[in-house]
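Analysis of the macromolecular model
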Amino acid sequence: MDDVNHAQRFTILWAVSTVIAMVLVVTIIGPWLGPPHGSEGASSQADTMTVMALIATPVLMLVGVYLVYASIYFRQPKGGALEGPAVRGNARIQTTWIVITSLMVLSIAAYGSIELIGKYGVGSGSGPSPLTVPSGKKLRVQVIAQQWYFTYRWPQYGGVETPHLVLPVNAQVEFNVTSLDVIHSFWAYQLGVKADANPYANNIAFVKPTKLQTFEVRCSELCGIWHGAMFDHGKVVTQERFNSWMSEMQTKFAAATKVLPPFSLTYLPEPTRRGG
Ligand code: CUA
């Protein structure tokens, strides 16, 4: 009878604490998980993080509540060192355990794959021919990494190259990420974009910024002594402000644009070739 009581009591404790913890996950922890909602993709990533945390909560509570419960009720008697009963298996518990954990892992795998292949999984940098391409007009921005900074080339604006990244709000952006020397990684955290920057490769990532904001740009791949300094702030601005910024850049860098090699998806790494 004692065993049945424990099982029942533990199950109730676990169920109640799981419900409470799930509410806390949605209301308090969820908003702290994942990137801030700076783009469609970032919002989707943040929601995915919350769903994953929700799935993990019952498991965490099972372990945590059992740890506390066992250390209160299943203690060794003072001064004694008793052997526990020789349990050699319990087919029902084992089957239940395998079925439930398999279902959880498989459904997480399916959910993750659907999210990744779907509309909002496109900020990851999926190589030169991504599985999913958002429809409509795209603003192309080539992200060129080198030791130790990123520059941005704009093929739709005469191939001008800018030292900072400014994007118009609600525009569908196509990043073409490449490198001139070693492997870097272009990471715009608030926009939910992270794409490897490899020499000789064009890595495509899409993003649609949904609000006016300042976002961080970091290199996310150890790329040499000043890797840590490969950092900048980008901006999402209105279309009008973007237009005036762009014409300012075109004027400012007109001389440099003339001596740049023609726009290409990858470039030879020799600095002298690009320096002119
Ligand atoms: Cu570039 Cu680290």
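Burial within strand β6 (residues 184-188) is extensive, with 4 of its 5 residues counted as buried. In the sheet, β6 pairs with strand β7 (residues 193-197) via 5 bridges, with the strands oriented antiparallel. Counted as the bridge partner of S185 is D196 from β7. In this structure, the hairpin formed by β6 and β7 is closed by a connection of 4 residues, where G192 is found at a positive phi of approximately 70°.

A word on the domain arrangement of the protein chain. Domain assignment breaks the protein chain into domain 1 (6-73 + 95-118) and domain 2 (139-259). Relative placement of domain 1 and domain 2: their C-alpha centres are 36 Å apart. The interface is formed by 9 residues belonging to domain 1 together with 10 residues belonging to domain 2. Summing both partners gives a buried area of about 720 Å² for domain 1 against domain 2, and 49% of it is carried by carbon and sulfur. Looking only at domain 1, the three residues that lose the most surface to domain 2 are G38, S39 and E40, adding up to 52% of its buried area. Here domain 1 and domain 2 share 6 residue pairs in polar contact (both at pLDDT 80 or more) between them.

Ranked by size, the top nonpolar core spans 35 residues in total, and within it W154, L167, F175 and F186 carry the most contacts. Beyond its immediate chain neighbours, meaning those up to four positions away, L167 contacts L139, V141, W154, V173, F175, L191, P209, F215, K235, V236, V237 and F242. Among the nonpolar cores identified, the runner-up in size contains 5 residues, and F10, A21, V65 and Y69 belong to it.

When pLDDT is averaged along the protein chain, the result is 89, and 94% of the positions lie at 70 or above. In the model of the protein chain, helix α6 (residues 271-275) stands out as the element of lowest mean pLDDT, 54, in contrast to strand β4 (residues 166-168), which has the highest, 97.

For strand β5 (residues 173-179), the tally of buried residues reaches 7 of 7 residues, placing the bulk of the element in the interior. Side chains of β5 alternate between two faces, with V173, F175, V177 and S179 and E174, N176 and T178 buried alike. Direction of pairing for strand β1 (residues 139-146) relative to β5: parallel, over a ladder of 7 bridges. Note on β5: the bridge partner recorded for L139 is V173. One ladder, built from 5 bridges, connects β5 with strand β8 (residues 203-207); its direction is antiparallel. Bridged to E174 within β8 is F206.

Each value, and the rule that gives it
Residues numbered from 1 in each chain as written. Predicted model: local features only at pLDDT ≥ 70, side-chain atom pairs only at ≥ 80, totals over all residues. Heavy atoms only, no water. Buried < 20%, exposed > 50% of the residue type's maximum accessible area, 1.4 Å probe, protein only. Helix = DSSP H or I, 4+ residues; strand = E, 2+ residues; numbered from the N terminus. Pairing = 2+ DSSP bridges. Domains from an automatic or database assignment. Contact = heavy atoms within 4.5 Å. Buried area = accessible area lost by both parts, 1.4 Å probe. Polar contact = N/O pair within 3.5 Å; in protein donor to acceptor, adjacent residues only side chain to side chain. Core = buried A, V, L, I, M, F, W, Y, C linked by side-chain atoms within 4.5 Å. pLDDT = per-residue confidence, 0-100.

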